[in-house]
Amino acid sequence: MNITQLKRLSYDEVAKCNKCGFCLPSCPVYLVEKKESAAPRGRNAITRAVIEGRLELSPETEKSIFSCLGCGACRQVCLSAVETKDLIFRDRECQVHEGIYPKIADRVAAFIQQEHNISDDDNAERGEWREMIKGLPEGAFEKESAEVIFFVGCVASFFPMAQQIPANMARILQKAGVDFTILGGEEWCCGFPLIGAGMPDKMESLRVHNLEKVKKVGAKSVVFTCPSCFHTWKHLYEPEGVQLYHSTQFIDRLIREERIRFTKPLNTTVTYHDPCDLGRNTGVFEEPRNVIRAIPGVKLVELPNNRQLSRCCGGGGNVEMVNPELSAKVAQMKVDEILSTGADMAVSACQQCLRTIATRSRRQKIDLTVKDITDLVCDAIGL
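Residues numbered from 1 in each chain as written. Predicted model: local features only at pLDDT ≥ 70, side-chain atom pairs only at ≥ 80, totals over all residues. Heavy atoms only, no water.

1. Observations regarding the packing of helix H16 (residues 324–340) against helix H17 (residues 351–363)
Moving on, step 1. Packing of H16 against H17 leaves a shortest axis separation of 9 Å and a crossing angle of 85 degrees. When the axes of H16 and H17 are compared, the pair comes out roughly perpendicular. Contact residues: H16 offers Ala328, Ala331, Gln332, Lys334, Val335 and Ile338, while H17 offers Thr356, Ile357, Arg360 and Ser361.
Moving on, step 2. By residue class, the composition of the contact of H16 with H17 is five nonpolar, three polar and two charged. (Axes fitted to C-alpha atoms, helices over the stretch in contact; angles between N-to-C directions. Helix = DSSP H or I, 4+ residues; strand = E, 2+ residues; numbered from the N terminus. Parallel < 35°, antiparallel > 145°, perpendicular 65-115°, else oblique. Contact = heavy atoms within 4.5 Å. Nonpolar A, V, L, I, M, F, W, Y, C, P; charged D, E, K, R; others polar.)

Next up, the structure:
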């Protein structure tokens, strides 16, 4: 996307920003950086100045535009309803077109194009998390046809800290008698990291491949434990005749249908962190809470900032890749907020949130238990 295209698509939107500042307290990056270029209204001012020819793209605009987490919290409090997150991602496309962007993004794009995942691992190893389930035969959960496809995602497939999540979900689906399959090495990255990198044009082959696999399996539903994969499929894939579910939505349904039963009270107090791409950006707020409340002995206490106003964990928008120090500071704010509730543990429904919050707690030697919601479900079922 060049500046002319940016003007055509974005000028009316960015002109709605009246610089009121209501967005400032909602922006985690601004709360850390405390400078205008890190604020939503500041980034909007940069976008407008570039469109109007008063400012040239530069390493300084790159720093501002690529420090956005893409969490969308600013939109929730904006009186003018400016879609700042969408503007930022278009800005990134423009920066890439002009060659002024974090070059580490090229490495990730190359990994995705060559190995079809974000970590440059052999994509045939996407199912290595199955080793966490004892006694499984080789190729378990891979079937030629099934009613449900469990789309695992890159992080949970290859990052050891998150591999418990797909193992949990597979156990839950098994216990409920769901006819499901995974795609294994035929699952490709959904393309979401390329959107954050300002390279959405590179994701079309991924989208086409993944949709073809769903059609070949003949699945009626696709289930995701990754909110960003779910968000991407929901907004950019739109497979015809196929229902898309986040794991919390699917588990909530299984509970209501009495296909899984909780036999082990957990007797604990938890607080729930709404992942940005699941809650605010895709509208799934109540199903995770329904699941938590259905577990005997679990008391749920809300975070001060919850649902639409949930504060990002620091793991969004590729910021962790570009500016890990900034990401860590945002994660610390999240940890501090969790600790303020007095809960025994923090629960989320996102492998990236789990990894970011748990890593920050460990590095700061903070005694905080962080679990994915599938952990609680498995514990309460007795799996």
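There is more to say, and it comes next.
2. Description of helix H3 (residues 40–51)
Moving on, step 1. For H3, which comprises 12 residues, the first-to-last C-alpha distance of 17 Å matches the rise-based estimate of 16 Å (1.5 Å per residue) to within 8%.
Moving on, step 2. The element H3 is largely enclosed, with a buried count of nine among its 12 residues.
Moving on, step 3. Considered for burial, the residues of H3 that qualify are Pro40, Gly42, Arg43, Asn44, Ile46, Thr47, Ala49, Val50 and Ile51.
Moving on, step 4. Of the surrounding secondary structure, the elements contacted by the buried residues of H3 are helix H1 (3–14), helix H2 (28–33), helix H4 (59–65), helix H5 (73–77) and helix H6 (84–97).
Moving on, step 5. Note on H3: the residue one or two positions beyond its end, Gly53, has a positive phi of about 80 degrees. (Expected span 1.5 Å × (residues − 1). Buried < 20%, exposed > 50% of the residue type's maximum accessible area, 1.4 Å probe, protein only.)

3. Structural notes on the nonpolar core
Across soluble globular proteins, you tend to see nonpolar side chains buried next to one another.
Moving on, step 1. Judged by nonpolar contacts, the single largest core of 82 residues is most densely connected at Val222, Trp233, Ile260 and Val377.
Moving on, step 2. Element by element, the count of residues in this core is highest for helix H18 (residues 373–381), at six residues.
Moving on, step 3. When near neighbours in sequence (up to four residues on either side) are disregarded, Val222 contacts Ile149, Phe151, Val214, Trp233, Val242, Gln243, Leu244 and Tyr245.
Moving on, step 4. If you look at the next biggest cluster of nonpolar residues, it comprises 16 residues, including Ala39, Leu69, Cys71 and Leu326. (Core = buried A, V, L, I, M, F, W, Y, C linked by side-chain atoms within 4.5 Å.)

4. Structural notes on the packing of aromatic side chains
Moving on, step 1. Applying the stated criterion across every chain yields a total of nine aromatic pairs.
Moving on, step 2. Ring geometry for Phe224 versus Phe230: centroids 5.9 Å apart, planes at 45 degrees, classification tilted.
Moving on, step 3. Judged by relative accessible area, Phe230 falls into the buried class, the value being 1%.
Moving on, step 4. A centroid spacing of 4.3 Å and a plane angle of 25 degrees characterise the contact between Trp233 and Tyr237, whose relative ring orientation is stacked. Residue Trp233 and its partner Tyr237 are both found in helix H12 (residues 227–237); the two are separated by four residues, about one turn of the helix.
Moving on, step 5. Classification of Trp233 as buried rests on a relative accessible area of 1%.
Moving on, step 6. One aromatic cluster in this structure is built from Phe151, Phe224, Phe230, Trp233 and Tyr237. (Phe/Tyr/Trp six-rings, centres within 6.5 Å; stacked < 30°, edge-to-face > 60°.)

5. Examining the environment of Asn18
Moving on, step 1. Relative to the assigned elements, Asn18 resides in the loop between H1 and H2.
Moving on, step 2. Linking Asn18 and Lys85, residues 67 residues apart in sequence, is a C-alpha distance of 16 Å.
Moving on, step 3. Within polar-contact distance, the side chain of Asn18 engages the backbone nitrogen of Cys20 at 3.1 Å. (Polar contact = N/O pair within 3.5 Å; in protein donor to acceptor, adjacent residues only side chain to side chain.)

6. A word on the environment of Lys329
Moving on, step 1. With respect to the helices and strands, Lys329 occurs in helix H16.
Moving on, step 2. Linking Lys329 and Val29, residues 300 residues apart in sequence, is a C-alpha distance of 8.8 Å.

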